Each structure stands twice: as structure tokens, then as C-alpha cells.
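Letter by letter, the chains look like this.
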Amino acid sequence: PLMPAPLVQPIPQPPWQGLPKSPAGLKNFYDAQTLASFSLSQLDALWALSHGRCPLLSKAVRCVQHGGIRQRAASSQVNWQKLAISYLWEEAALAQRQSRAMMRHVWKNYEDRAFGMDELRPISGKGVDSWGGVGQTLVDSLDTLWLMGFEDEFSRATNWVEKKLDFDKDLNVNFFETSIRHLGGLISAFVLSGQAGLLAKAQDLGERLAHAFKNAGEDGGKASSWFSRLGTWLKHYVSLGGGNSGSISGEVAGAQLPWSDVNLRNGVVQNMAGFVSLAEVYVPLEWKALALLTSNCSYAHHQEEVLRLVNDAAGLENKGLAANLMWPNGSAYGVSDNRISLGSRGDSFYEYLLKDLVFIHASSTSPLTQKLWHVFLAHLPQLIVEVDANVTSKPGRLPNQSFYHQRRRSAQLLSSEPWVTTRLPNSQASLSGHSARRRKTFGDSRRGGWFENFNDVRGKWAFMKEVTYQQTVPKMDHLVCFLPGVLALDLFRKEYRTITPTRLSKDQREQLLLAHKLTQTCVHMYFRTQSDMAPEITRFSGHGLVHDLGSMHNILRPETIESVYILWRTTKLQIYRNWGQRLLAAFSRLKTPYGFASLQNVDEPSSLQDEMPSFFVAETMKYFYLLFSPDSALPLDKFVLSTEAHLMPRLDAWAAEARQSGCFPQPSADDAESSPPRESAGASAASQLEQPHEKK
């Protein structure tokens, strides 16, 4: 009963025959929650198709004018359900065009006002070097430009990189952020284009960042020993599992995690906060890809050493989870607020356990990674909280008569047994986040005609909690929303084709269901606010989602749309594209004359903030584009998307480079034969991608 119908009985592809030829037939085609996720305009279109008419403004069906009414041409009298699928694909194509238009708007203003600078302010239109003048937005956006078919813009950007980007700066940079944004961006752009100058820049940056792997030295050792006992004790209580805590200093004597900050010119390293974050120490995709392309195996070796160190210090092979804050030697940092969390300071470590497995595929380079990923999955339920919010639901009041009739009309489109509820979302503050008086704007034109709310969800909700050594913390960072996508990718990577639930084992079906339920929670973090945008942090109670009043801002993060995209690629269930269209509409409403602005408060849609982080262009816009594109736009059996959504080459697709580098064990003969032939780095990678027909 907790599993949406499509996950139990997948949508037939085809046949179309045998379905009732009326809108009520959709109830046999989609589950109730998917139906609730359609917009009113989509319901109008489905009603028109079922009655022999044409959807308004649609070109998916041949139509003729008859008696003042646009009707389907005689040649189009086929099953209306098949035409409905054509209409929905047309909707997806329009959403893809909208995402390209949003990218074009951002990039035109960036080129005009801030070209080569770190960021563009979307309200004032000013360019700023907020990261030290290393072209952050430009480098971070290169593969997005390529994927979307902005060839001239890509050429101008790479020309700037090769001629003007200089990393010889007396500048302290964060090792993790610079690795995922700049190093990953340069590698991805090289893989796609084959321009040697991009790889040269990546190698230059890699040599400078590699200073972060220097030994701890005397200072780090003193700090670690000073808190060794407290670290051991905290590790025992924070690590959520059995096993011997042991002596941390003894387990990792002489070892050192990468420093958090490094000077690009002189290589001086430091830990700015006095500790290192779990999420920022392990960056395997970017560094192993650099080793693959340059044959410098030390880049890959560093990452393997980091993983072994974290495993030895935190006992990951037994416990699956580790504290977010660590001393340089890997022991738990001795503060009471240290915690286990899949959100801030913890997220990317677990994400990269799975994505490193996708990267190596047929290679046997990292058996430890595989073991740690499976142990993580086994211990993940310890952080899951399930809440049946509908138990406490009460009917909400109707704000106005016109809205009531609008809802009734949407119900009448289908049958005498309307699936569309005529009630509003619960007005209870703990569920909706604001009072019934403030809910008057729910469902109005700002939201684009979408009405799905928590009342349309059946079964229990799933949340991810945080745990300190003292207490459980009932909150979810938006960053946690990477998790459902990774869970789905873990299943998808087995065959790289749409999953058929009947072919999954019981554990795999439960994993897919968990991915769906967590994605559902993440999208409703958006749907429950006045702007349809999610806050940075959302808390939860026995009644469901509640506001964290100190974290109501939104900075255009990509994690939710990333998971929506991966769930779509994994299952091809329409609900994920429906959710994506609503999210795209919400992001598009943040448009300013020069870009797209962040929000200071998601319940105040006019509280725009003059900030547009580079990951909005590198990740958020890329995932929107891919969600509404054909699968050929990005073959996931050839590439793996990094935590910054940069395209990293998989070893089995780059077998020649893997052999030449000498950094990775050779796959078996069968695996080698299955690897596609390649002519050259850039040409082969580009040939795997489908380019949009429209260039501008």
C-alpha cells in the first residue's frame, strides 16, 4: 500500500489497446499521486484529446477547424492515450527549450557584464571576483554550454580559459570546492571537446592543489593528541553502531587527510576551521579522471589513501557512517555539536562512494569502495524517520469561491469519481508552515496551475534525521536531497536501462521505493512554501514538515532536481517530469534583468537576493535540461556526473586511456571487448552526445 501503483505495475509501453477511451481511463494508466501532479493545463489537454479535440496551442496532433472548434484530423483518429503520450513529450520539449532560454539569458548577461569574473550579480548586473578571480562561473559552466549546444559561447569561453585563466596567484582556495568546480569543470570540458589547452590548465591546477596532501606536521599532531581521548569517546557514541572504537591515534599514526585550504602560488596549506569535513576530503572522480588523462597515478593514489584513512579511523567497514567533523588524522573532532548527517559537511562523501563505483565499473581498483557502499546501505535505515502525516490531517477551509469552482472543474475533467480533491492543503501550521489566512495564494496563477499537496500523498513520509552523541536532530538540509538520486543510480547502473520493478529483488524494490519517498519529501519542501521554492533547511515533526525559521533562504541549489532527473531516467514514470515542470516554473519566476536571483525568505517571493552561485548554471540548469531531453543527450553508460554535475569519463568507456595510464588494473577480456572503439579523446566523447537542433 505504500508503493505508488506504477512502481508495482509499470506503465505499459505499448500496447495502448484495452484502456477505456475516456479521461477516467487515466486511473488505469497512472497512480493517484501521478494524476495529482498534473497541472490544470495538462488536464485540459487530456480532456480535449479524449473528446476528439486538440489541446490548446499544441502541435503534437494534426487538427482542423470545424464549426469554430479545433478538432483532430481524420488521420489522427487513433487511441487518444497514444496521442496523450505525444502531447506529454511535446510538453517536455517545450520545457527543454525553456531551460535553454534561461541559460541563454544568464550567459548573455554574464558575457556582457562579467565575462571571466567569478560571479554575476543578477539584480545589480555587476561582476564580482568573490572567489579570488579564477573565473569560477565560466569554468563551472563549460560543459553546460556544450550540452545545450551553445557552440559559439563555448568557443569564446574556452578561448578565455586557454589565454587568460592563470592559477599562479597568491590566493588561498578551498581544496574541495576548487577540485569539484574548477578541476572538474576543466576535465569535463576537455573530455567533451578534446581541446588540449583545457587539459593543460587542469594539470597545472592539479599540481597546485596536490599540496593539500602534505603530511600533517607537528602542529596537526599536537592538536590531535590534545583531544585524543575525547575524540575516541565521541566516535564511540556518534558512530551509530557496534564495533570497537579502539585508539584513534594508534589506528592512523602518521597519516593525514588533505588540508582544507591551499595557496595556489606557494603551496602553503592550513585547516582554516581547525578541523576537516568528511564531505571535503574524498574527491575521487575528479582526481582519478585526471590520473586517467595524464598518466600521473599519484592523483588516484591520494584518493585511495584518503578512503583507507577514513575507514580505519571511523570504522566504516563495521558502522557504515562517520562523524562529519574530523581531526587531520581522521579521528572524530571533539566538539559536542559534531554529528552524523547526510547534509552539510557529510553529503558528498557518501555520494562519491557510489559514483566511484560507477566510474571504475569493470575495473577492480577499489574493492574497499564497494564494501563501504554496501555497509552504508545496510546502516542507512538508522537515519530514516517515517511519519504518517495524514493521520493528523484536518480539512482545510476554502479561501474563495472562484478557487473552489476551479478545483471542481479539474475534477470533472476525469469522471464522476474525481481523483482531484476539492479540499485545500491542511491549514495546520505544523503541516503547511503558515496559517490558513496566508494560504489564500495557494494554487493561484503564480504557481502555474499546480495543486498537488501533502493530502495527495498516500502512506508514510520518509525523512533523514541527524544524530549527535547527545540527541537526534529532526531536520533535513536541502543538501540531503542528493540521496534519492544516488539510491536510484545504484539500481540503474546494473544495466543502464529503464528499471522493471518485477525484475528487482525485494531489497532492490525497497531501495527504489525509499528513493521515491525521499524525492517526494524533497519536492514537497518546495510545494509547501509561498514561492514554491524550498528553504535551505526543513525540519519535521510527527505531523510532517515544519519551517526552520533561521534557514528560510534559497540559493538555487540543484540536489532535488538532480534526484528527480535520475529517478526519471531510472523508471520513466511521468510523475518525475511533472514535478520537474513545476520546479522549473518556480525557478523561472526568480528571473531578473541579468539572471536568476536567490531568495532571502521562500515565504516572501519578492525577497530577492543579489546572488547567483556558479552551481546554478553548472548543476541546476544542466539537470533541468537533461530531465526534459532524450536519453541520448547524456548516455549514462559512458559518463558519470560528479557532485558538481561535471561529466567524468567512465573507465570502461575509456579503456585505451586506462591501459595507457597504467593507474588502473586491466578489466577482463570480456569487459575490454564490450568497450566501444574510440578515435580520439574529444571526438569520441562528443559523438556520444546528442546536440540540440537549435543553436541559438
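The shown structure was predicted, so the numbers you read here are calculated from the model rather than taken from an experiment.

J.: It is not clear to me how the packing of aromatic side chains should be interpreted in this structure. Could you clarify?
T.: Each aromatic ring pair is described using two quantities: the centre-to-centre distance and the angle formed by the ring planes. Inspection of the entire model under this criterion finds 23 aromatic pairs. Between Phe175 and Phe213, the ring centres sit 5.4 Å apart and the planes meet at 85°, which makes this aromatic pair edge-to-face. Taken together, the positions of Phe175 in helix 8 (residues 175–193) and Phe213 in the loop between helix 9 (196–209) and helix 10 (217–226) put the pair 38 residues apart, joining distant regions of the chain. Given a relative accessible area of 15%, Phe213 falls into the buried group. Relative to Tyr333, the ring of Phe275 lies with its centre 5.0 Å away and its plane at 55°, an arrangement referred to as tilted. Separated by 58 residues along the polypeptide, Phe275 in the loop between strand 7 (269–270) and strand 8 (276–277) and Tyr333 in the loop between strand 9 (325–326) and strand 10 (339–340) bring together distant segments of the chain. Summarising the burial analysis for this pair, Phe275 and Tyr333 share the class buried. Against the face of Phe150 rests Arg100, its NZ or CZ located 4.5 Å from the ring centre. The aromatic ring of Phe527 is capped on one face by Arg582, whose charged end is 3.8 Å from the ring centroid.

J.: I would appreciate a short explanation of the side chain of Asp261 in the present structure.
T.: Relative to the helices and strands, Asp261 is located in strand 6 (residues 261–263). Among residues more than four places away in sequence, those in contact with Asp261 are Val173, Asn174, Phe175, Val268, Val269, Gln270 and Met272.

J.: Looking at this structure, I do not really get the environment of Ala658. What am I missing?
T.: Positionally, Ala658 belongs in helix 25 (residues 655–661). Considering only alpha carbons, one finds Ala658 and Ser295, 363 residues apart in sequence, at a separation of 8.5 Å.

J.: Looking at this structure, how should I read the sheet that holds strand 16 (residues 537–541)?
T.: Picture the strands of a sheet paired through backbone hydrogen bonds; they go either parallel or antiparallel. Judged by pairing direction, the sheet is antiparallel, and its three strands sit side by side in the order 15-16-17 without closing on themselves. Here the strands that pair on one side only, and so sit at the sheet edges, are strand 15 (475–477) and strand 17 (544–547). With direction set aside, neighbouring strand axes in the sheet form an average angle of 35°. Sheet topology note: the strand 16/strand 17 ladder contains four bridges and is antiparallel. By the bridge assignment, Thr538 is partnered in strand 17 with His547.

J.: It is not clear to me how the confidence of the model for the chain should be interpreted in this structure. Could you clarify?
T.: Reading fine detail from the predicted coordinates is not recommended where pLDDT is low. Confidence in the prediction for the chain averages 79 pLDDT; 74% of positions are at 70 or higher. For the stretch residues 216–253, pLDDT sits under 50, and the model shows 62 contacts to residues farther than four places along the chain or on other chains.

J.: Would you mind showing me how to read the sheet that holds strand 6 here?
T.: The three strands are arranged 5-6-7 in an open sheet whose pairing can be described as antiparallel. Single-partner strands in this sheet number two, and they are strand 5 (172–174) and strand 7. Here strand 6 runs beside strand 7; their pairing, made up of two bridges, is antiparallel. The partner of Asp261 across the bridge, within strand 7, is Gln270.

J.: What should I look at first to understand the state of the cysteines in this one?
T.: Two cysteines, two sulfur atoms, one covalent bond between them: this is a disulfide. For the coordinates displayed, the defined rule picks out two disulfides. Between the sulfur of Cys297 and that of Cys663 lies a disulfide, 2.1 Å long from S to S. Note on the Cys297 and Cys663 pair: the S-S dihedral is about -90°, so by sign convention the disulfide is left-handed. Remark: Cys663 occurs in the loop between helix 25 and helix 26 (669–674) and Cys297 occurs in the loop between helix 13 (284–294) and helix 14 (298–314); sequence separation between them is 366 residues. Of the residues examined, Cys297 reaches a relative accessible area of 31% and is grouped as partly exposed. Each sulfur of the disulfide joining Cys481 and Cys522 lies 2.1 Å from the other. Looking down the S-S bond of the Cys481 and Cys522 bridge, the torsion is -100°, so its handedness is left-handed. A residue pair is termed long-range when its members are at least 10 positions apart, and Cys481 in the loop between strand 15 and helix 20 (483–492) and Cys522 in helix 21 (residues 506–527) qualify at 41 residues. In this structure, Cys481 and Cys522 share a single accessibility class: buried.

Cut-offs and rules
- Sequence order as written defines the numbering, with residues in each chain counted from 1.
- Reporting of local features is limited, given that this is a predicted model, to residues whose pLDDT is at least 70; pairs of side-chain atoms are given and counted only at 80 or more, and all residues count toward the totals for whole chains, interfaces and linings.
- Hydrogens are left out, water is left out, and the side-chain values use all remaining heavy atoms of the structure.
- Any pair of Phe, Tyr and Trp rings, taking the six-membered ring for Trp, is counted once the centres come within 6.5 Å. Such a pair is stacked with planes under 30 degrees apart, edge-to-face with planes over 60 apart, and tilted for the rest.
- Working definition: helices are DSSP H or I runs of at least four residues, strands are E runs of at least two. Numbering for both runs from the N terminus.
- With a 1.4 Å probe rolled over the protein chains alone, any residue whose accessible area is under 20% of its type maximum counts as buried; one over 50% counts as exposed, and the rest are partly exposed.
- Throughout this description, the term charge over a ring refers to an Arg CZ or Lys NZ atom that lies within 6 Å of the ring centre and within 35 degrees of the ring normal.
- Contacts were defined at the residue level, with two residues in contact if any of their heavy atoms lie within 4.5 Å.
- We treat two strands as partners when DSSP finds at least two bridges between them.
- To define axes, lines are fitted to C-alpha atoms, for helices over the stretch in contact only, and angles between the resulting N-to-C directions are given on a 0 to 180 degree scale.
- Per-residue confidence from the prediction method is given by pLDDT, with values spanning 0 to 100.
- Cysteine sulfurs are considered disulfide-paired once they come within 2.5 Å of each other.

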